[in-house]
Amino acid sequence: MIIILFTPIVLALFIIAWAALWSFVSGYIYTAGTATDLTFTRVYTDSANISSRDANITMVYYQDHEYIIWVWLYHLFMLYWGTEFFLACHEMAIAGAFVQFYWTRDKSRIHFPVLKSIWWVFRYHLGTVAFGSCIIAIIQLIRTILAYIQNKTKDSQSEIVKYLLMCLQCCLWCFEKVMKFINRNAYIYTAFKGSNFCTSCKKVFGLLMSNLVRVGVINCVGSFILFMGKFLVVMITGILGYFMMNKDEDLYYWAIPVLIAAIFAFAVAHTFFSVYEIGIDTIFICFAEDETKNDGTAGREYYMSKNLMEWVDNSSEALKNLKRKKGQQKAQARAAKQGKSEDVVMRNRAVVAEMENK
């Protein structure tokens, strides 16, 4: 399973190659218009402004066709779709490796799980990956078009239109995040069930809805641990960079190189920690499915380990207790406010009664 840590490197190579191909094709699209000669006269003078000479310069100007905007939109969509396609393949390949590890009782029988998972993706699940990534690409393209409209009309918009466009952009951003979350879990479900994209979305949504508390626990704890890992990597890189740069007497300003190194370290850490993030989500989905299908009796033994079961149950119970304490604190605060308001009412009544007696 150690080879799974090197999959982000392969993913980065594929994305770089795709970006290079996209840039190469962009050059052809940019010069796809009708070539027109643009000739103008330029006057050259010497430094003392004594003599001058005229020179005719001819430049080539490419006039765009009417349909070139649609070509650019299609080209941009393919950039988004291709990038999301490679990311989805990476997620499903990693999920498939963890699925093999979870659903095999005798772990010694597992051989080359990552390579097998990659083969399964390209042999059976390319349609699922392509469909899921296409949805994300469409959302990203709509967001890009909306951002382009905002940029072009920012000086002629009313305040109401600006706020509406901003709200729409925010809604699309949230929708994209939700779809990425659903897609990832659908890829995980497809990895061990082999179902199509829509069926996987439906099944995994039911699993998540029936384990909402556990989903919250796993996301909170897992996100915190991964954030701390990324933070430590960045801090260690920054500290080492500071001591290395500070010793160099020829370097007068060390902050910029250290900052660049820290940003690069965060990017690398985020890429590699994504493997653990997908692994956590995969194990949780397998855990939920295992708990649904099995009950621990003879012939229906759990595939999960006892430590995993105890950790998830204890975390869920701790979260329930925390919510219960917060509910009690809110109830006490509400009761205290009501008590204070009743005291104020009684005092006001007493003051009014005294005034009437006088």
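Report on the accompanying structure. Everything numeric here is computed off the predicted structure, so don't read it as measured data. (Residues numbered from 1 in each chain as written. Predicted model: local features only at pLDDT ≥ 70, side-chain atom pairs only at ≥ 80, totals over all residues. Heavy atoms only, no water.)

**As for empty space enclosed by the protein**
At step 1: By the definition in use, this model includes one cavity of 30 Å³ or more.
At step 2: Its boundaries defined by the atoms lining it, the largest cavity holds a volume of some 70 Å³.
At step 3: What lines the largest cavity is simply Phe-181, Asn-185, Leu-208, Val-215, Ile-218, Asn-219, Ile-280, Asp-281, Phe-284 and Ile-285.
At step 4: Within the residue set of the lining of the largest cavity, elements represented by two or more residues are helix H5 (159-193), helix H7 (212-246) and helix H8 (255-293). (1 Å grid on protein atoms, 1.4 Å probe; cavity = no way out; pocket = protein on both sides within 12 Å on 5 of 7 lines; lining within 4 Å. Points joined across faces, edges and corners; volume = space filled by probe spheres on them. Helix = DSSP H or I, 4+ residues; strand = E, 2+ residues; numbered from the N terminus.)

**Notes on helix H3 (residues 113-124)**
In an α-helix, one turn spans 3.6 residues, which is why side chains three or four residues apart end up on the same side.
At step 1: Here H3 spans 16 Å end to end across twelve residues, near enough to the 16 Å set by a 1.5 Å rise per residue.
At step 2: Among the residues of H3, those classed as buried are Pro-113, Val-114, Ser-117 and Val-121. Buried residues in H3, looked at end-on, bunch into an arc of 100°, giving them a common side.
At step 3: Where H3 is buried, its residues contact helix H1 (7-30), helix H2 (68-102) and helix H4 (126-152). (Expected span 1.5 Å × (residues − 1). Buried < 20%, exposed > 50% of the residue type's maximum accessible area, 1.4 Å probe, protein only. Arc of directions from axis to C-beta. Contact = heavy atoms within 4.5 Å.)

**A short note on the layout of surface pockets**
At step 1: If you add up the space inside the largest pocket, you get close to 990 Å³.
At step 2: For the largest pocket, the lining is made up of 33 residues, of which Glu-91, Lys-180, Arg-184, His-270 and Glu-277 are closest to its centre.
At step 3: At the level of elements, H1, H2, H4, H5, H7 and H8 are the ones that each hand at least two residues to the lining of the largest pocket.
At step 4: Here the lining of the largest pocket is composed, by residue class, of 15 nonpolar, ten polar and eight charged.
At step 5: Its boundaries defined by the atoms lining it, the second largest pocket holds a volume of some 290 Å³. (Nonpolar A, V, L, I, M, F, W, Y, C, P; charged D, E, K, R; others polar.)

**A few points about the pattern of salt bridges**
At step 1: Going through the model one piece at a time under the given rule, you end up with six salt bridges.
At step 2: Between Arg-184 and Glu-277 there is a salt bridge, with the nearest N and O atoms lying 3.4 Å from each other. Taken as a pair, Arg-184 in helix H5 and Glu-277 in helix H8 lie far apart in primary sequence, 93 residues in all.
At step 3: Relative accessible area serves as the criterion here: at 29%, Glu-277 is assigned to the partly exposed category.
At step 4: Here Arg-184 and Asp-281 are joined by a salt bridge, their closest N and O atoms 3.5 Å apart. With Arg-184 in helix H5 and Asp-281 in helix H8, the pair connects residues that are 97 residues apart, well separated along the chain. With respect to burial, Arg-184 and Asp-281 carry one shared label: buried.
At step 5: Each of Glu-91, Arg-184, Glu-277 and Asp-281 takes part in salt bridges that share partners, so that together they form one network. (Salt bridge = Lys/Arg side-chain N within 4 Å of Asp/Glu carboxyl O.)

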